[in-house]
Structures are given as C-alpha cells and as structure tokens.
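Analysis of the macromolecular model
Read off the chains here:
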Amino acid sequence: MENVQKKLDASLREQRKEIVEQVCGDIKKSTEAVVAKYVADMENARDKMISQTGEFNRYLDDVNKKNKQLVFRCWLAVSVSLLLLLAGGIWISTHYAKVIQQNKINAELMKSINEADWIKCGDDICARLGKGKVGEYRVIRKR
C-alpha cells in the first residue's frame, strides 16, 4: 500500500507539474497576445503621430507662405502709397510754385499801381508822371 501511495504521490506530482506547465504556457500565450496587441497599438499610435506631425508641418508651411505673401503685399501697398504721396507732393510743390510766381508778378504790378499817384479825371484816369509841379496829372490812354 505504501508503494501505491508513492506511485499515487508521484503521479499527482507529475500531474501537478504538467498542470502548472500548461497554465504557465496558457498565461505566457495570453500575455504574449496582449503584449503583441499592445505593441501593435503603440506602433499604430506612433504611425498616426508621425502622419499628424507631417500634416501639421505642411499646415505650418502653408501658413508661413501665406504670411510671407501678406507681408509682401503690405510692403508693396505701403511702398506704392509712399511713392504716390511723394509724386503728389512734388506735383503740388511745382504747381503752387508756378502759381506763387504768377501771383508774385501780379502782386508787384498791384504794388506799383498802389504806390502810383493817380486820380480819377472824369471818365478817365490821370496819373502824375514825375516830381514836377503839384497838380500836373496826365490822362492815361485806354487800350
């Protein structure tokens, strides 16, 4: 009976060892499957991040290009505006310089007329032409 007991104990140890090995194998397989799925998920996430980073970089490049175009257009508008203002200022300066010159001639003429000694003689205008006798006025001819 002792021999049977030993055989039974040995058989039970052998079965227990096989069960432990089988359970360990099952755990190892399920763990490997979970880890493989986790690794696949992480690789998928990495690939998505790489893709989104590339899209974001393209978006930033587009925004930078548009900003550069906007800056160029603003500088162009400012430059054209300044050139137009400069041209307008030059034109106004030359135009009013001519007007002032013409008015200067008229002003000198008016000054001479205002400084002249003239009076109304009936329907005519008479002027004194020199430092002669007081009261010597001559009629100015009409055109």
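Residues numbered from 1 in each chain as written. Predicted model: local features only at pLDDT ≥ 70, side-chain atom pairs only at ≥ 80, totals over all residues. Heavy atoms only, no water.

A closer look at the sheet that holds strand 2 (residues 124-127)
If you trace the three strands from one edge of the open sheet to the other, you get 1-2-3, paired in antiparallel fashion. Two strands bound the open sheet, and with one partner strand each, they are strand 1 (118-121) and strand 3 (138-139). As judged from the two bridges shared by strand 2 and strand 3, these two strands associate in the antiparallel manner. Across the sheet, Cys126 pairs through a bridge with Val139, a residue of strand 3. (Pairing = 2+ DSSP bridges. Helix = DSSP H or I, 4+ residues; strand = E, 2+ residues; numbered from the N terminus.)

Focus on the pairing of strand 1
Looking down a regular strand, the side chains alternate between one sheet face and the other. Here strand 1 pairs with strand 2 via four bridges, running antiparallel. Along strand 2, the bridge assignment pairs Lys120 with Ile125. What sits between strand 1 and strand 2 in their antiparallel hairpin is a turn of two residues, with Gly122 showing a positive phi close to 70°.

Observations regarding the environment of Asp124
As for its position among the elements, Asp124 is in strand 2. By relative accessible area, Asp124 is classed as partly exposed at 27%. With residues up to four places along the chain from it excluded, the contact list for Asp124 reads Ile119, Val139 and Lys142. (Buried < 20%, exposed > 50% of the residue type's maximum accessible area, 1.4 Å probe, protein only. Contact = heavy atoms within 4.5 Å.)

Concerning the pattern of salt bridges
Enumeration according to the criterion identifies two salt bridges in this entry. Put simply, Asp41 and Lys37 hold a salt bridge, and the shortest N to O gap is 3.7 Å. In this pair, Asp41 and Lys37 are both assigned in helix 1 (residues 2-115), four residues apart and thus about one turn of the helix distant. What makes Asp41 partly exposed here is its relative accessible area of 38%. (Salt bridge = Lys/Arg side-chain N within 4 Å of Asp/Glu carboxyl O.)

Focus on the confidence of the model for the protein
The predicted model of the protein averages 89 in pLDDT, with 96% of residues at 70 or higher. By mean pLDDT, the top-scoring element of the protein is helix 1 (92), and the lowest-scoring one is strand 3 (78). (pLDDT = per-residue confidence, 0-100.)

With respect to the state of the cysteines
For the structure shown, the criterion picks out one disulfide. In this model Cys121 forms its disulfide with Cys126; the gap between the sulfur atoms is 1.9 Å. For Cys126, a relative accessible area of 4% gives the class buried. (Disulfide = S-S within 2.5 Å.)

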